[in-house]
Structure formats: C-alpha cells, structure tokens
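A closer look at the structure
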Amino acid sequence: MRQKFVFVFELIFTLLVAAFLIIPIVLSMTAGITVNYFRGVGSGLTLAWIGEVWTLYADTIARSFEIAFTTLALTVLIGVPAAYALHMRPSRRSRLIEEVITLPLAIPGLAIALALLLTYGGFGEFRRSWLFILTGHVVFTLPFMVRSVLAVFAVTDITTLDESASSLGASPWRRFCDVIVPNAKGGILAGSLMVITLSLGEFNLTCMLHTPLTKTLPVGLADSYASMRLEIASAYTLIFFIMIVPLLVAAQLLADRERLSRSADP
Amino acid sequence: MTALHGASVGLRQCGKTFADGRRALEPLTLDIAAGETMVLLGPSGCGKTTTSRMIAGLERPDPGGRVLFDGEDVTAIPIERRNIGMVFQSYALFPNMTVAENIGYGLKIRRTRKAERESRVAELVMLTGIGGLENRRIDQLSGGQRQRVALARAVAIRPRVLLLDEPLTALDALLRERPRGELNALLRSLGVTTIYVTHDQAEAMVLGDRIVVMRRGAIAQIGTPRQIYFEPASRFVAEFIGAANIITAPLEDGYLVLRGGRIGVPASAITGAVAAMIRPEAIGLMAASAANLIGRVATVNFVGDRLRLTVIEAADQVITVDAPNTATVRAGDQIGLAIPPSAVRFLNDGSA
C-alpha cells in the first residue's frame, strides 16, 4: 500500500518535471522548424527559419563567442594568479580582496551594469564598443573562476607543493608554471566551462550595456521574441540550445571525473 | 656515490613570533657542524618545525636573528637560492610528474644537461631502491615508496643542507623500522649536513649525531644520544627520552633514604631533598634478605624482550624495573632492588 503510494507520488513528480521543464523545450525547438506554428507540425517541417536567423543574427552569435572566449582568456589570466596569491598569503587583507572579487555574485546584474554605465558611460568609444560588455562579463564571471581554482588549491595542499618546489630551487614564476597551474588544471577547466556558459547566456548585464550595434546572442533573442515571428525566435533558441548543451555536458563530465579521481586518491 | 659537501649551519638569536603575536620560538642560538646529523626532538608545538623552516628559509626569524651557512649570513636569501634539500612530512611530491620527473626537477631548474640529469636520477633510483618505478605516477606509489622518492628528489641536487620533517611519521608504525635503518645508512653515506625533525625519541637516538631536545619554543638540552639518555639536564628531558623513575628523597651521608631502604649515590656536594633519575633497565633484582632496598612487586608484564615490573613500597612512588625476560617473579613477591651508584643521576631542577 505504502509502496504504491510512493510510486504514484514519484510518477506525478516526474510528470510535473516533464510538463514544466522538458515539454516547453521540445515545443519551442519544434516551433523553430515548423512551417507555420499556428497550424502545427502538420504544416510541414523546414530549416528556412534557421537560415533566416542566420542572416539576421549571425553577427550576434559571432560577437557572443568573441566575448565569451575573450572573457575566458581574461578570467584565466587574472583569476588563476589571483587565486594563487590569495591562497599563498592568507591574511585579513587577502580575505577582504576575496570578498570584493566575490561581490558580483551577490549584486544583481542590473546594478553592476548601472554602476559601469555611471562610471564609464562617458567614455564614448569604450561605451560603444563590445569591450564595454566584455568588462561587465569579466566582472561577473571572475568570482566563478577564482572560487573554482581556490577550491582545488584547498584540497591539493598546494602550499606544501609550492614550498617543496621552492626548496628545489624554483623561482615563484617557475613554481607557478611547473607545479601550481598543472595541479590546478581541474579547477581551471571547470571554471572555464562555467565562465563560457555564463558569458554566452548572460542577459541581465548585457541588456543594459549593449548598443544596437553590439548585441549579443541573448539580447538578440529577446529582440527577436519582441519583434519577429515566433518561429524565428524559436529557431534562434534552437541554435542557442545546440551551442550551449555540449558545454554543459562537458562541465558535468568533468565534475564527475574530478569526483572519481578524488575518491580514488586517499 | 661521491660524498656531498655539507655546510655548517648556525642560528644566532633566532626567535619567531607569528603574525598573530604568538611566540613560537624564544631567541635561539645553535651550531650544527658540517656533515653532522642534528635531530630536533620534542613534543608537538615545541618549535622544532619552526626552527627547521627557519634554516630552510621558509620562515624569517624575528629582527635580530641570523641564519648562517658556513659562516655566511643567508637570512635574507630566499629558500630557492639556499641550495638545500627538504623532505616534507606529507612528502609533497608533484602529482603532475612521474617519479623520475620528480627526482630530476631540481636538476631541471638548475639547467643540468639532460644526459647528466638522467644518469643522476638513475643513480638515486638505485640508491633509494625504487628501481622500476621511474615512470609511475605518484598516486600509484605506496607510502614507503613515496618517502624514498621524496628523499631522492631532495638529495638529487647535492644540497648543502638536508632538512627532514618527520619523514617517517606518515608510515605505519610497524613499517618504520626498516626505512629508518636505510635512511640512517643513506644519510651516513651522503655526508650532508642533516637536520632531522621528529617527536619520536627512538628515531632521534638512532639517527642523530647530536640531539636538540626542545620544549615550549626553547632548547631543553643539546647533546649526543648517550648524553641525552644518561645525563638528562632536567626532569622534562629525562621523562621525554625513554622511561625514567624520578625519585624525590632526602640525601644523607651519600645515600638516598627511601621507604624501603637506601640507595648509594655518586659522591656529590648536594645535600637535603633531591630529585634523582634511575632508568628501569639499570635496576637489578636480588634476594630481599641481602638487599639495601626492598619492595613488593605490584605488576609483572611480559613484553617479549624483557619483563616490565612495577615495584611498590620501595619508595613513595611506584618504581618501574626492566628485568631479564627469564626472571621468575610474581606479583606480590617481596624483592630486593640492586641499584649501582652510577645509575643514579641527579636532576638539576626537580620542579621543571
């Protein structure tokens, strides 16, 4: 009796998840390849909408990738040495710096965007270029990179590894290249995937920071929902989906592998 | 294996106060001869690790303190330019490198030619008995193998000073004896100045040319293992090294007067109440009728290589005696204790 109740409960729960999570995705994606959404799939399937999206919004897709990978490069270049420094010199000041870096996690994207606009909005060239959006993305994603690298440092006893490399004669730079980075690889990779997916999907900040000439993919998506046929917006979603899912899967696989290797190593 | 050239090490008024104001080390002066193995021994928190990290260059002494290598002031020189070797308690092997790459890392940093590096690595692999493991990853090694790799890596660069921080503590207690013997033989053959940090007094005895016994951030005694064992300077040293009976009793006419009799002691100017140390193995058993000191056996424990007895009624406190494992005594027996005067050692500070 009790077992049956549990089964029914689980079934209902699963169906609810499907109803709210999976069906909308499937519907949205099929809408993107349906000739006429209002007449249903019966009207036939087509790739024309995707072609249409490509001609209309290819530049936003390219820009999004450009921004995402530049953001990644910057967060790696800033975040990994920052994490190293923060971990090696634990002091009240380093705790404070860590808090400041982490702050964008707690502040709404809109507020960050507003602050950036207030401070740098006057620099016309900068304001109009994609670099302005890039700045916002770096501020927003940096804590993810730093946190993820710090987490790996904490479990690998990087301080002693650093000391042992220094006892063998390695300068701080050599230690960083030979010992710190290779042993933080897992954290850097996990952080990188997070930074890329966050940057690609970022709407909050970017919505405020963009100009008509510097739209990114999510901003373009909002734009197409507002002003285009539903099929085009859906086809756009489909493209976004195809791009982002492999990244999410990779992040998941990586996390699993990390967990496995950690449990194997006493 | 060519003998290494070890440097003499000197500490001059080296104190250490941590950032939070905690005093880890009282200003300390210490000289270690070139090629000597000096053991820093003491309970945890005594400052032994801080001392060795100061010699390595991982900690700076408080202002006024100086670290000397061969008389040259190296206080301001960072660790990577001190040319030392170090073995950490956790071994700190690089997980991203193979065994051979770990051992050769210091040579790579020094831009040693590849052929020379490889022959040196091969030499050390043989010396430390880890042949066949060269291409293993670190996580594929046992604890004992890691300890050998860490040692090989530390000596590969022919350091002037070798520092070992509890290198055997991570091993299972039963598995420690063999590596300890091997380590001893290896250190002797290398001839490098060695600073060995441990809390294990048996390890200290076997490995040390001299031992620095430390307590609460200060030196309690410096001496050879024999001096530390037979002539402890204080009650703390006597009790920390081996087992010791510490007897407080009045001294009259060259005898310690106890409840169960008296013990003849070495000629001394001291009179009145004294603290004296007697090692359990220095006490012999004899018939009660002929003895100067008589007690009653309270417990008998057979430990294999000897009998450990506790004797009551001889003194105000329990006296521990190590007897030959063939002795036939039972709990409750009346027994005589034979203690030669040379086995009695007065302690300068009965209180400490």
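Residues numbered from 1 in each chain as written. Chains lettered and ligands numbered in written order. Predicted model: local features only at pLDDT ≥ 70, side-chain atom pairs only at ≥ 80, totals over all residues.

Turning to the domain arrangement of chain B, a few remarks are in order. Residues and elements named next belong to chain B. Structurally, chain B comprises domain 1 (9-239) and domain 2 (243-346). With 6 residues of domain 1 at the contact, the number on the domain 2 side is 5 residues. When residues of the side of domain 1 that touches domain 2 are assigned to their parent elements, the largest contribution, 3 residues, is made by helix H8 (residues 235-240). Split by residue class, the side of domain 1 that touches domain 2 holds 3 nonpolar, no polar and 3 charged. (Domains from an automatic or database assignment. Contact = placed C-beta atoms within 7 Å. Helix = DSSP H or I, 4+ residues; strand = E, 2+ residues; numbered from the N terminus. Nonpolar A, V, L, I, M, F, W, Y, C, P; charged D, E, K, R; others polar.)

Turn by turn, an α-helix covers 3.6 residues, leaving residues three or four places apart pointing in a common direction. Residues and elements named next belong to chain A. Over its 30 residues, helix H1 (residues 2-31) extends 42 Å from the first C-alpha to the last, a length consistent with the 44 Å expected when each residue adds 1.5 Å. If you look at H1, its biggest bend is around 40°, right at Ala19. Little of H1 is tucked away: 1 of the 30 residues are buried. (Expected span 1.5 Å × (residues − 1). Bend = angle between axes of the 7 residues up to and from the residue. Buried ≥ 20, exposed ≤ 12 C-beta atoms within 10 Å, placed from the backbone.)

Residues and elements named next belong to chain B. Strand order in the open sheet formed by 6 strands is E6-E7-E8-E3-E9-E10, with mixed pairing between adjacent strands. Of all strands in the sheet, those bounded by a partner on one side alone are strand E6 (84-87) and strand E10 (218-223). Here the average twist between neighbouring strands, direction ignored, is 15°. With respect to the sheet, helix H4 (residues 143-155) is in contact with E6 and strand E7 (161-165), its orientation differing from that of E6 by roughly 170°. (Pairing = 2+ DSSP bridges. Axes fitted to C-alpha atoms, helices over the stretch in contact; angles between N-to-C directions.)

All right, on to the sheet that holds strand E1 (residues 9-17) of chain B then. Picture the strands of a sheet paired through backbone hydrogen bonds; they go either parallel or antiparallel. Residue and element names in this part refer to chain B. Pairing within the open sheet is antiparallel, and its 4 strands lie in the order E2-E1-E4-E5. If you trace the sheet from one side to the other, it starts and ends with strand E2 (23-32) and strand E5 (72-73), each paired once. Where E1 and E2 come together, 6 bridges link them in antiparallel fashion. The residue bridging Val9 from the neighbouring strand is Ile32, located in E2.

The next point concerns the interface of chain A and chain B. Reports of interface size often rely on the accessible area that becomes lost once the parts have come together. Listed as interface residues are 16 residues of chain A and, on the opposing side, 19 residues of chain B. Every element with two or more residues in the side of chain A that touches chain B is listed here: helix H7 (158-167) and helix H8 (172-183) of chain A. Split into classes, the residues belonging to the side of chain A that touches chain B amount to 5 nonpolar, 7 polar and 4 charged.

Looking now at the pairing of E6 of chain B. For a regular strand, side-chain orientation follows a simple rule: the groups alternate between the two sheet faces. Residues and elements named next belong to chain B. Neither face of E6 is left uncovered, since the one carrying Ile84 and Met86 and the one carrying Gly85 and Val87 both have all their residues buried. Sheet analysis places E6 next to E7, joined by 4 bridges and oriented parallel. Across the sheet, the residue bridging to Gly85 is Leu162, located in E7.

All names here are of chain B. Backbone geometry at Tyr91 places phi at a positive 75°, although glycine is not the residue there. Here Tyr91 is to be found in the loop between E6 and helix H2 (99-109). A count of 23 C-beta atoms within 10 Å places Tyr91 in the buried class. Phi angles above zero are rare outside glycine, and Glu166 is one such case at about 45°. Tracing the chain through its elements places Glu166 in the loop between E7 and helix H5 (177-190).

What follows concerns the environment of Ile270 of chain B. Residues and elements named next belong to chain B. With respect to the helices and strands, the residue Ile270 is situated in the loop between strand E13 (261-264) and strand E14 (272-278). Counting along the chain gives 235 residues from Ile270 to Gly35, while the straight-line C-alpha distance between them is 40 Å. Excluding anything up to four places from it in sequence, Ile270 contacts Leu251 and Phe346.

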